[in-house]
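Below are the chains, spelled out letter by letter.
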Amino acid sequence: MKTRTLKPLVYICAAGMLAGLALIFLWVPTDCSQLINGVCNEGTVQRIFYVHVPSAWVAYLAYTVVLISSIAYLKGRNDRWDILASSSAEVGVMFTAITLVSGMMWGKAIWGTYWRWDPRLTLTFILFLVYVGYLAFRAMASDPGRAAPVSAVIGIVGFAAVPLVHFSVVWFRSQHPAPVVVNPQGAPQLPASMLITLMFMLSVFTLIYSLMLIIRVRLGRLEHRIETLEAA
Amino acid sequence: MSGHELLAAMARSPEAIERTKLIFLGIGFASVWSGMVVYLVSLANRQKRLERRLAALDPTTKSD
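K.L.:
What should I look at first to understand the overall build of chain B in this one?
P.N.:
Helix and strand content of chain B: 2 helices and 0 strands. Entry remark: accessible area of chain B is about 4,300 Å², with carbon and sulfur atoms responsible for 66%.

Have a look at this one:
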């Protein structure tokens, strides 16, 4: 895909981000559902929710793409699937890092500490390390052709951490807030304005993920072409 | 109330708590946008480097 054809997507992402910021800071009310000594427990800082949760969801989506393309690669040994898997893993790692850092800021404001060895936080960190390991393995492999099947297996096995991360707050005792949209109760546990803003930001983050993935896949194809030329 | 206790009480005042929350909200949002921008810039740099390598290897080949 040429750079020119990506421009509309770039403009849509930028406009979506601006509209999202307007919704987050001008429309959605400050969360004051819990009062402690007359002060809102969450208050303003709860607005991190609208970027923290979409980052985590997009990371899940990225790892799902890694899973599907790794299975497709192992079935057909087509390098296009391998390029898609590694590209999606890289973008997923970036979104997981954003999730961890934004969560740490939220935690510091509410819990008074950046980090707790809570099941959700620990498992998210392990998920991050699994895919950093996947990328490190690919980067260190001397023969990319032989590394591809092994990294596909890592991509498939590593996906087991995704449902574990998501449902860790339900399955284990955790101080992290429980899932409010995809949860055992079925229906979303959020007021309409918060849910609309969250869904809007989720769409914008998904578009940003798509944009990054297209650019990264194009780079992967370029790398593949160079490797083929160098091998010839 | 000692000076130390007064400072501690001031630090826990609703205004101070709200100010702290605002600071962490700002850092949280900045980390999200800066993470994305840094990644996009690194992708652009990698693309330029690869295109130069490809041009050196095969001047007749065009990138995607």
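Don't stop here, the text continues.
K.L.:
What is the right way to look at the overall build of chain A in this model?
P.N.:
The helix and strand tally for chain A stands at 7 helices and 2 strands. Starting at the N terminus, the α and β elements of chain A follow one another as α-β-β-α-α-α-α-α-α. Counting only C-alpha atoms, chain A reaches 70 × 40 × 30 Å along its principal axes. The proportion of buried residues among the 232 residues of chain A is 48%. Excluding contacts between residues fewer than 6 apart, the proportion of contacts in chain A whose partners are at least 24 apart in sequence is 73%.

K.L.:
Is there a simple way to explain the packing of aromatic side chains in this structure?
P.N.:
How two aromatic rings sit relative to each other is given by the distance of their centres and the angle of their planes. Applying the stated criterion across every chain, the model contains 13 aromatic pairs over all chains. For the ring pair Phe25(A) and Phe29(B), a centre distance of 5.2 Å and an interplane angle of 55° mean the geometry is tilted. Residue Phe25(A) is found in helix α1 (residues 3-27), and its partner Phe29(B) is found in helix α2 (residues 14-57); the two belong to separate chains. According to the relative accessible area criterion, Phe29(B) is buried, its value standing at 5%. Taking the centre distance of 3.8 Å and the plane angle of 15° together, the rings of Tyr63(A) and Tyr131(A) count as stacked. Placement of Tyr63(A) in helix α2 (residues 49-76) and of Tyr131(A) in helix α4 (residues 119-140) is noted, with a sequence separation of 68 residues between them. Among the residues examined, Tyr63(A) registers a relative accessible area of 0% and is labelled buried. Grouped by ring-pair contacts, the aromatic residues Phe25(A), Phe95(A), Phe205(A), Phe29(B) and Trp33(B) constitute a single cluster.

K.L.:
Which parts of the structure should I look at to understand the pattern of salt bridges?
P.N.:
Pairs can form between side chains of opposite charge once their charged atoms are near each other. For the structure on display, the rule yields 4 salt bridges over all chains. The partner of Asp82(A) in a salt bridge is Arg138(A), with the nearest N and O atoms 2.8 Å apart. Of this pair, Asp82(A) sits in helix α3 (residues 79-110) while Arg138(A) is found in helix α4, placing the two residues 56 residues apart along the sequence. A relative accessible area of 24% means that Arg138(A) is categorised as partly exposed. Put simply, Arg46(B) and Glu90(A) hold a salt bridge, and the shortest N to O gap is 3.0 Å. With Arg46(B) in helix α2 and Glu90(A) in helix α3, the pair connects residues from two separate chains. According to the relative accessible area criterion, Glu90(A) is buried, its value standing at 12%. Sharing partners across several salt bridges, the network here consists of Glu90(A), Arg216(A) and Arg46(B).

K.L.:
Sorry, what's going on with the interface of chain B and chain A here?
P.N.:
When the parts come together, some accessible area is lost, and that loss is often what is quoted as the size of the interface. Each partner contributes residues to the interface: chain B has 30 residues there, and chain A has 42 residues. Carbon and sulfur atoms supply 75% of the area that chain B and chain A bury against each other, a total of about 3,300 Å² over both sides. Across the contact surface, chain B and chain A share 2 salt bridges. On the surface where chain B and chain A come into contact, there are 4 residue pairs in polar contact (both at pLDDT 80 or more). Residues that form the side of chain B that touches chain A fall into these classes: 16 nonpolar, 6 polar and 8 charged.

K.L.:
How should the packing of α4(A) against helix α6 (residues 161-171) of chain A be read in this particular structure?
P.N.:
Between two packed helices, the angle of one axis relative to the other and the distance separating the axes together describe the packing. Residues and elements named next belong to chain A. The contact between α4 and α6 brings their axes to 8 Å, and the two run at 165°. The orientation of α4 with respect to α6, classified from their angle, is roughly antiparallel. Every pair of crossing elements has a handedness; the one defined by α4 and α6 is left-handed. Counting all contacts with α4, which are made through Pro119, Arg120, Leu123, Thr124 and Leu127, the residues of α6 involved are Ala161, Val162, Leu164, Val165, His166, Ser168 and Val169. Classifying every residue of the contact of α4 with α6 by side-chain character gives 8 nonpolar, 3 polar and 1 charged.

K.L.:
I tried to follow the environment of Trp115(A) on my own but got confused; where do I start?
P.N.:
Residues and elements named next belong to chain A. Take Trp115: it is sitting in the loop between α3 and α4. For the pair Trp115 and Leu100, spaced 15 residues apart in the sequence, the C-alpha separation amounts to 9.5 Å. When near neighbours in sequence (up to four residues on either side) are disregarded, Trp115 contacts Leu100, Met104, Leu121, Thr122 and Phe125.

K.L.:
Please explain the confidence of the model for chain B as it appears in this structure.
P.N.:
Parts of the model with low pLDDT should not have their predicted coordinates read in detail. Looking at chain B, the pLDDT average stands at 80 and 75% of residues meet or exceed 70. Across the predicted assembly, pTM comes out at 0.86 and ipTM at 0.81.

Scoring rules and cut-offs
- For every chain, the first residue of the written sequence is number 1, and numbering continues from 1 onward in sequence order.
- Labels follow written order: the first chain is A, the first ligand is 1, and so on.
- Residue-level local features of this predicted model are given only where pLDDT is at least 70; pairs of side-chain atoms are given and counted only at 80 or more, and the full residue set underlies all totals for whole chains, interfaces and linings.
- Neither water nor hydrogens contribute to the side-chain values; these are computed over all heavy atoms in the structure.
- Runs of E in the DSSP output that reach at least two residues are strands. Runs of H or I that reach at least four are helices, and both are numbered from the N terminus.
- Under the convention used here, a 1.4 Å probe and the Shrake-Rupley method define accessible areas, while residue burial counts only the protein chains that appear.
- The cut-offs for exposure are 20% and 50% of the maximum accessible area for each residue type, with area from a 1.4 Å probe on protein chains only; residues under the lower value are buried, those over the upper are exposed, and the others partly exposed.
- Contacts were defined at the residue level, with two residues in contact if any of their heavy atoms lie within 4.5 Å.
- By convention, a stacked pair of Phe, Tyr or Trp rings (six-membered ring in the case of Trp) has centres within 6.5 Å and planes under 30 degrees apart, an edge-to-face pair has planes over 60 apart, and any other such pair is tilted.
- Here a salt bridge means any side-chain nitrogen of Lys or Arg lying within 4 Å of a carboxyl oxygen belonging to Asp or Glu.
- Summed over both partners, buried area is the accessible surface (1.4 Å probe) that two parts give up on being assembled.
- Definition of a polar contact: a pair of N or O atoms within 3.5 Å, with one able to donate and the other able to accept a hydrogen when the atoms are protein atoms, and with sequence-neighbouring residues admitted only if both atoms are side-chain atoms.
- By the convention adopted, Pro, Cys, Tyr, Trp, Phe, Met, Ile, Leu, Val and Ala count as nonpolar, Lys, Arg, Asp and Glu as charged, and the other residues, Gly among them, as polar.
- Where helices are involved, their axes are fitted lines through C-alpha atoms of the stretch in contact, as for all axes, and angles between N-to-C directions lie from 0 to 180°.
- What sets the label is the angle itself: under 35 degrees gives roughly parallel, over 145 gives roughly antiparallel, 65 to 115 gives roughly perpendicular, and the rest give oblique.
- Should the near helix be turned anticlockwise from the far one by less than a right angle, the crossing is termed left-handed; should it be turned clockwise, right-handed.
- The pLDDT value tells you how sure the predictor is about a given residue, anywhere from 0 up to 100.

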